[in-house]
Amino acid sequence: LRYRRVDPTMRSVAVFLALVAGANAECPNACSGNGACSAYDMCTCYRNFQGADCSQRTCPFGIAHVDSPKGDLDMSADSLTTGTVISGSAVYPFGTQEKFPEMVNGVGGLIENAAHYYMECSNKGMCDRDSGLCECFGGYDGSSCQRASCPEDCSGHGTCEHIETLAGDVTYALWDTGMTMGCKCDPGYSGADCSGKDCKYGIDPAYVDDDATARVSEQFYEISGGSATLSGGFPDDAVAGTYAIKFYDVFGEDYVTAPITISTESTSTTSAPCSDVVAALEALPNTVIPTGSVYCSQSQAQTAGVSSGHTYSLTFTGNPGYLKPLTLDTYLDGARETVAPVNTSATSKARTTVVTYQEGISGEFVDYFAAKCTGVEVSISGSTSASTDATHSDGASSTFGLYSYEMNSGYYLGITTAAEEALLKKCLGDSDGNDSYGNNVEVYDWDYGSYKVSAGTVDDVETPSSHPHAIKLVSTVAKDDYTGGLYYLTWYQSTLNKFVLINAPVTTTSSTASYYVYTTDGVVERVIYDTTGHGQIIRGQKITAQPPITAYFTQYSNVMYTSYDVACETASYMVEPCLDKGDMLFVVDTKNLVKSQNVTTSGNTLALATGAADSGDLYTISKIYKADPTAATFTLTGHEDRFRIVLDKNIPFAGTTTTTSDVSGEFGARSGLTNVGVVGLFKFTPATTGNYEFVSQCSGRGSCVDGACECFKGYTKDDCGTQSAYAV
């Protein structure tokens, strides 16, 4: 055999080249330029890139709309593993678990069964790995599909808003804050996508075809030079100039009138006539206020030392339903006041003052007092009393015994026959809506709306309970379908056989006028701090164990300051009932206890009703919250102002009297001896029966089609609110 001799130099070169080839072995696709080639020929991708060769992009992450347990990721084929099983992944940069993601709250505590972890495309889209952009599923949008989009972009008739914005004054802070979206429709449009055009509202003609009359919006406003005490009153407080009225229709759309001239310097109503106000309102666009539908009255004090302000009453018969309160603009020239005091001297204390309010009658959609007590007609008897005594007693008389003047206006229902009294008891029925209380009496199966507390004598003091009755009185000689009826709270004084009115009549106090009585299946309940757990004030319990919660407020304000926190979200479980946004309240002008909520306390006194206006109106809570204490909260000159309720309209009377009690725990378990108001709060809870929705689109007598009413047979007009034998 012959052997070829190999050059040692060539052999060295071959070995070297083999070594170099091994050292330069590359990762897949050289990591696409988006990563570094690491050990074992594996790519370590840069941020937001993934895949074996780092050629795929990672899409944006967001809080998952939906999530689920991942399952057996480690393929252990047994129970799901506890703890992190994947870490360092581009999809799960912080790791993940086989069960629900182990999310933590702001203080590091584990959140169990959390289903909204940060996920690629928020789990509502597919990631385009080439572009790194999320392709969102239908109904979701945003860079990471983090938002639930609004349907049809609200059809051009609304705005797309976050859920916390749509919640309004209610604090919303759940997981989908900033994610869930919804349409806020423009006035006159409705539906999830705002595609539905609303129709005209009207009064059901079948509602007013008998003795019932509709409660339509009656609003008052006053323009003056301020308090007569400060300004000196007429004529020193005179103001003059121009102003505008902002009117809100039933849909909430606002309209502003042309400037209206006023001068309170003259005692003649021709200086600012109602006709000017009505003309300005009826000139608003789109015939929002039909011609001839506004009834206006005007008054002015003409006595020296009394405010010379002009007061206007406006009744909107052509705009049924709930209307937001009017607002007045006296700054029509930017920052310059266009209604100003006539007396411009440096010593003048006149200041332009504008107030708006309602006196007992507001527009509404539903009549919760639709049940007429057939066969009963009553009058209003009695009179107001200036006495501040808390109780009346006549130990020598077994007829009168003892009774309370608390929440007693001095007026009562005048009933002429025993038969009518029996019928009224049957109509009133159960005031507390709870048969388990066992306080229903007599064959009429009704309760008094009052109870007796021991006075330490042979007799008991009868006083209002947690559940007075609520009624509506409608004149038997109503002049038209818009006279409306006034609400009253009442309780039965068995010792005198009288149905006592808690709130007094103010506008009409004639003892000869007669009224139909309408009752409700709803329940009125006084708000109390119930440490006993009985659910209502009962005999045998100290008042400090069930103290009624009270309120403080100024006249023409819509903010009440309660003696204790009553908000359902933050209140103690002992508050009965708690209150929430949307709840309805009676806030009535009546006699209230001042020294002690125990009516039998020696030397107890009452704060008299102001008598400023009919006060039996229903208010709706717009906002309820707790604020931080102010500098005056705990002072002798201030009052408790942390617990606040904002109402939908101003209160026409003042509730500024504060308690003189030196007993901690009374007046709604107030804090220490802080000053609190004395006016009681009565929550009204409508029943599901006995109601009548008398104001609705097309008056409930037609179908709304693309914003126009198609009336049923027998009804006509643009709101279907007129019956006609010719309408076929």
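Quantities reported herein were computed from a predicted structural model and do not represent experimental measurements.

Parameters and conventions
Residues numbered from 1 in each chain as written. Predicted model: local features only at pLDDT ≥ 70, side-chain atom pairs only at ≥ 80, totals over all residues. Heavy atoms only, no water. Buried < 20%, exposed > 50% of the residue type's maximum accessible area, 1.4 Å probe, protein only. Helix = DSSP H or I, 4+ residues; strand = E, 2+ residues; numbered from the N terminus. Contact = heavy atoms within 4.5 Å. Core = buried A, V, L, I, M, F, W, Y, C linked by side-chain atoms within 4.5 Å. Disulfide = S-S within 2.5 Å. Salt bridge = Lys/Arg side-chain N within 4 Å of Asp/Glu carboxyl O. Pairing = 2+ DSSP bridges. Polar contact = N/O pair within 3.5 Å; in protein donor to acceptor, adjacent residues only side chain to side chain. Axes fitted to C-alpha atoms, helices over the stretch in contact; angles between N-to-C directions.

Chemist: Any chance you could explain helix α5 (residues 418-428) here in plain terms?
Modeler: Counting along an α-helix, one turn takes 3.6 residues, and residues three or four places apart therefore face a common direction. Buried within α5 are the following residues: Glu420, Glu421, Ala422, Leu424, Lys425 and Leu428. For α5, the secondary structure elements touched by its buried residues are β30 (371-382), β33 (411-414), β36 (469-475), β37 (486-493), β38 (498-501) and β39 (515-519). At the exit of α5 stands Gly429, carrying a positive phi of roughly 60°.

Chemist: Just checking my understanding: could you explain the nonpolar core for this structure?
Modeler: One recurring pattern in soluble globular proteins: nonpolar side chains tend to sit buried together. The biggest cluster of nonpolar side chains holds 28 residues, and the ones touching the most others in it are Ile203, Phe369, Leu489, Phe586 and Phe684. Examining the composition of this core, we find that three residues originate from one element, β37, more than from any other. Once residues lying within four places of it in the same chain are set aside, the contact partners of Phe684 are Tyr368, Phe369, Thr520, Gly522, Val523, Val524, Met584, Phe586 and Leu618. Core analysis: the next-biggest nonpolar cluster, separate from the first, contains 26 residues, Ile223, Tyr243, Ile245 and Val294 among them.

Chemist: Honestly, the state of the cysteines in this entry has me stumped. Any pointers?
Modeler: Put plainly, a disulfide is one covalent bond tying together the sulfur atoms of two cysteines. Taken as a whole and assessed by the stated rule, the structure comprises 15 disulfides. Each sulfur of the disulfide joining Cys154 and Cys183 lies 2.2 Å from the other. Residues Cys154 and Cys183 are joined through a disulfide that is left-handed, its torsion about the S-S bond being -95°. Of this pair, Cys154 sits in the loop between β14 (147-148) and β15 (158-162) while Cys183 sits in strand β16 (residues 181-185), placing them 29 residues apart in sequence. A single burial state applies to Cys154 and to Cys183, both of which are buried. With its sulfur 2.2 Å from that of its partner, Cys373 forms a disulfide with Cys427. Across the S-S bond of Cys373 and Cys427 the torsion is about 90°, and the bridge reads as right-handed. You can see Cys373 sitting in strand β30 and its partner Cys427 sitting in helix α5, a full 54 residues away along the chain. The exposure class assigned to Cys373 is buried, which follows from its relative accessible area of 0%. Given a relative accessible area of 26%, Cys427 falls into the partly exposed group.

Chemist: Would you take a moment to explain the pattern of salt bridges for this structure?
Modeler: Pairing between side chains becomes possible if they bear opposite charge and their charged atoms approach one another. Going through the model one piece at a time under the given rule, you end up with 15 salt bridges. A salt bridge links Arg129 to Glu120; its shortest N-O distance comes to 2.7 Å. For Arg129, a relative accessible area of 22% corresponds to the partly exposed category. When the shortest N-O distance is used, the salt bridge between Arg215 and Glu364 registers 3.4 Å. Of this pair, Arg215 sits in the loop between β19 (201-203) and β20 (218-224) while Glu364 is found in the loop between β28 (353-357) and β29 (366-367), placing the two residues 149 residues apart along the sequence. Neither Arg215 nor Glu364 differs from the other in exposure class; each is buried. Counted as one network, the salt bridges with shared partners bring together Arg215, Glu364 and Asp617.

Chemist: Would you take a moment to explain the sheet that holds strand β43 (residues 559-562) for this structure?
Modeler: Sheets are built from strands paired through backbone hydrogen bonds, the pairs being either parallel or antiparallel. One open sheet holds the eight strands; their spatial order is β40-β51-β45-β48-β49-β43-β42-β50, and the pairing between them is antiparallel. Whereas interior strands pair on both sides, the edge strands pair on one side only; in this sheet they are β40 (523-526) and β50 (679-680). By the bridge criterion, three bridges tie β43 to strand β49 (residues 643-647) in an arrangement that is antiparallel. Following the sheet pairing, Val559 is matched in β49 by Val646.

Chemist: Honestly, the side chain of His65 in this entry has me stumped. Any pointers?
Modeler: Relative to the assigned elements, His65 resides in the loop between β5 (61-63) and β6 (84-86). Of the polar contacts made by the side chain of His65, one reaches the backbone oxygen of Gln146; its length is 3.4 Å. Among all residues touching His65, those that are not within four sequence positions of it are His116, Ser122, Lys124, Tyr140, Cys145, Gln146, Arg147, Ala148, Trp175 and Met179.

Chemist: In this structure, what is going on with the sheet that holds strand β25 (residues 310-316)? I would like to understand it.
Modeler: With respect to topology, four strands assemble into an open sheet ordered β24-β25-β20-β28, the strand pairing being antiparallel. Bordering the open sheet on either side are β24 (294-300) and β28, each of which pairs with just one other strand. Between one strand axis and the next, the sheet turns through 15° on average, direction left out of account. Where β24 and β25 come together, seven bridges link them in antiparallel fashion. Bridge pairing in β25 links Ser299 to Thr311.

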